[in-house]
Amino acid sequence: MIDVKKIREDFPILSTKVYDKPLVYLDNGATTQKPRCVVEAEREQYYTLNANVHRGVHFLSQQATDLLEQARCRVRDFVNAPSEKEIIFTRGTTEAINLVASSFGELLDEGDEIIVSEMEHHSDIVPWQLLANRKGVVLRIIPFDEEGVLDQTVYKSLFSAKTRLVCVTHVSNVLGTINPIKEMVAEAHAHNVPFLVDAAQSVPHMKVDVRELDCDFLAFSGHKVYAPTGIGVLYGKSEWLDRMPPYQGGGEMISTVSFEKTTFEGLPYKFEAGTPNYIGSHALALALDYVESIGMENIEAYERELTRYALDHLSEIEGIRFFGNAPDRDAVVSFLVGDIHHLDMGTLLDRLGIAVRTGHHCAQPIMTHYGIEGTVRASFSFYNTKEEVDVLVEGIKRVSKMF
């Protein structure tokens, strides 16, 4: 069981007041708040162990290097990767996907096909469009139904002799849908096609095991799993990473350099050009320690209960429409109320101290699917409470009376 009251003590920002109202932070899908232990550890490393990593012979550099590589091993264990060499540090999910689009993309030819879904975040659409413009590859799209469930029959029909990669989100940041990734990976592998998982919205909420999923690539961001911004992870099977050329050049990623020829470092360093975010990686490792101290199974169970509570009580509001009603869903609720514009709803809720997200949530194809401009999105964490959901419900009722 989760002791939410005790957990909230680890997050000082949750005691903030907004317009003289207690903060109700329900924008965790955008970014999570950071526990005191993560923030203080980041500060402490700057104060006591700040030195550039790798190749430095002095004490501070060696200590900082050790923390970086320990963090890599921590991430390896967290996602159950076979080797720490398959863990590449990036700035976040977006950079991780762009890395694959750039490097794996170099292996592709004009007319090759990439399968993505209709519910992807822009970070898993735009990089492939850029690749299409550059290399002439073709995107094939998996549609979803009105409940927010991907059409698996259409998915299976999209494979052809030219299919080279499948890229699908684990959990939709708008609909909350948990996609059947393991089964979708198996289908792709039946066609000898690798699979990339956008796990930005799943890693904070459930146990993610890359060996169980058997995915070829998996990307997630630290700031969505209680770590700082500017640090993220790309997991990739070494068989693919070894074949892919580096997409950035500079220090760290080289073995030898001359004006005649450059040779590259092995994994994972050939994909980590320049000075890495060694302090961010340490903070990420501590954030992963923190969530595992609570227990990913406990987090998943509590957040699902909280989401169900929210759906039940929000359903009482006259004129509310939900977007995303998949039977298997996570801690996200997107909605509109009557003819109230999502921006108006979000702005007025903010005056009541309630932080929600409004707009298209970097997923405009979802909005196009439903014929809307945007939604209001409440997204939950293990530090949220049923009392906060009650405040949200009452806030929406109060705003609705103004229109």
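Residues numbered from 1 in each chain as written. Predicted model: local features only at pLDDT ≥ 70, side-chain atom pairs only at ≥ 80, totals over all residues. Heavy atoms only, no water.

K.L.:
Would you mind showing me how to read helix α14 (residues 386-400) here?
P.N.:
Residues separated by three or four positions in an α-helix point in the same direction, a consequence of the helix having 3.6 residues per turn. Helix length check: α14 (15 residues) gives 21 Å between terminal C-alpha atoms against 21 Å at 1.5 Å per residue, within 8%. Of all the positions in α14, only E388, V389, L392, V393, G395, I396 and V399 are classed as buried. Looking straight down α14, one finds its buried side chains confined to an arc of 160°; they lie on one side. (Helix = DSSP H or I, 4+ residues; strand = E, 2+ residues; numbered from the N terminus. Expected span 1.5 Å × (residues − 1). Buried < 20%, exposed > 50% of the residue type's maximum accessible area, 1.4 Å probe, protein only. Arc of directions from axis to C-beta.)

K.L.:
When you look at the side chain of D112 in this model, what are you seeing that I'm missing?
P.N.:
Tracing the sequence through the fold places D112 in the loop between α4 (93-103) and β5 (113-117). D112 sits in the buried class, given a relative accessible area of 7%. Here D109 takes part through its backbone nitrogen, which lies 2.7 Å from a polar atom of the side chain of D112. Residues within four places of D112 in sequence aside, it is in contact with V137, V138, K162 and R164. (Polar contact = N/O pair within 3.5 Å; in protein donor to acceptor, adjacent residues only side chain to side chain. Contact = heavy atoms within 4.5 Å.)

K.L.:
Is there a simple way to explain a negative patch on the surface in this structure?
P.N.:
A cluster of acidic residues, D145, E146, E147 and D151, forms a negative patch at the surface. For E147, the location among the structural elements is in the loop between β6 (138-142) and α6 (152-157). Judged by relative accessible area, E147 falls into the partly exposed class, the value being 37%. (Patch = residues over 30% accessible without salt bridge, like charges linked within 9 Å, V, L, I, M, F, W, Y side chains within 5 Å. Areas by Shrake-Rupley, 256 points an atom, 1.4 Å probe, with all protein chains shown as cover. Salt bridge = Lys/Arg side-chain N within 4 Å of Asp/Glu carboxyl O. Lys, Arg positive; Asp, Glu negative; His and termini not counted. Charge placed at Lys NZ, Arg CZ, Asp CG, Glu CD.)

K.L.:
It is not clear to me how the side chain of S202 should be interpreted in this structure. Could you clarify?
P.N.:
Positionally, S202 belongs in the loop between β8 (195-198) and α8 (210-213). S202 has contacts with H170, V171 and V208, leaving out every residue within four places of it along the chain.

K.L.:
Before we go on, may I ask you to explain the sheet that holds strand β16 (residues 357-359) in this structure?
P.N.:
Backbone hydrogen bonds are what pair the strands of a sheet, in a parallel or an antiparallel way. The four strands lie next to each other as β13-β14-β17-β16, forming an open sheet whose pairing is antiparallel. The open sheet is flanked by β13 (320-322) and β16, the only strands paired with a single partner. The sheet shows a mean angle of 30° between the axes of neighbouring strands, direction not considered. As paired elements, β16 and strand β17 (residues 375-379) share three bridges and run antiparallel to each other. Within β17, the residue paired with R357 across the bridge is R377. Seen against the sheet, helix α11 (residues 296-314) touches β13 and β14 (332-337) and runs at an angle of roughly 15° to β14. (Pairing = 2+ DSSP bridges. Axes fitted to C-alpha atoms, helices over the stretch in contact; angles between N-to-C directions.)

K.L.:
What's the story with the environment of S61 in this structure? I'm lost.
P.N.:
Inspection of the secondary structure assignment puts S61 in helix α3 (residues 59-79). Taking C-alpha positions, S61 is 43 Å from R304, a pair spaced 243 residues apart along the chain. Sequence-distant contacts of S61, defined by excluding residues within four places in its chain, comprise A51, N52, V53, H54 and G56.

K.L.:
How should the layout of surface pockets be read in this particular structure?
P.N.:
Considering only enclosed or pocket space, the largest pocket measures out at about 390 Å³ in volume. Residue lining of the largest pocket: 25 residues in total, with T94, H121, S123, H223 and K224 positioned closest to the centre. Taken together, the elements giving at least two residues each to the lining of the largest pocket come down to α4 and β16. Of the voids in this model, the second largest pocket is the one considered here, and its volume is about 240 Å³. Forming the walls of the second largest pocket are 14 residues, and the residues nearest its centre are H170, K182, K207, E212 and L213. Those elements giving two or more residues to the lining of the second largest pocket turn out to be α7 (181-190) and α8. Broken down by element, the lining of the second largest pocket gets its largest block of residues, three residues, from α7. (1 Å grid on protein atoms, 1.4 Å probe; cavity = no way out; pocket = protein on both sides within 12 Å on 5 of 7 lines; lining within 4 Å. Points joined across faces, edges and corners; volume = space filled by probe spheres on them.)

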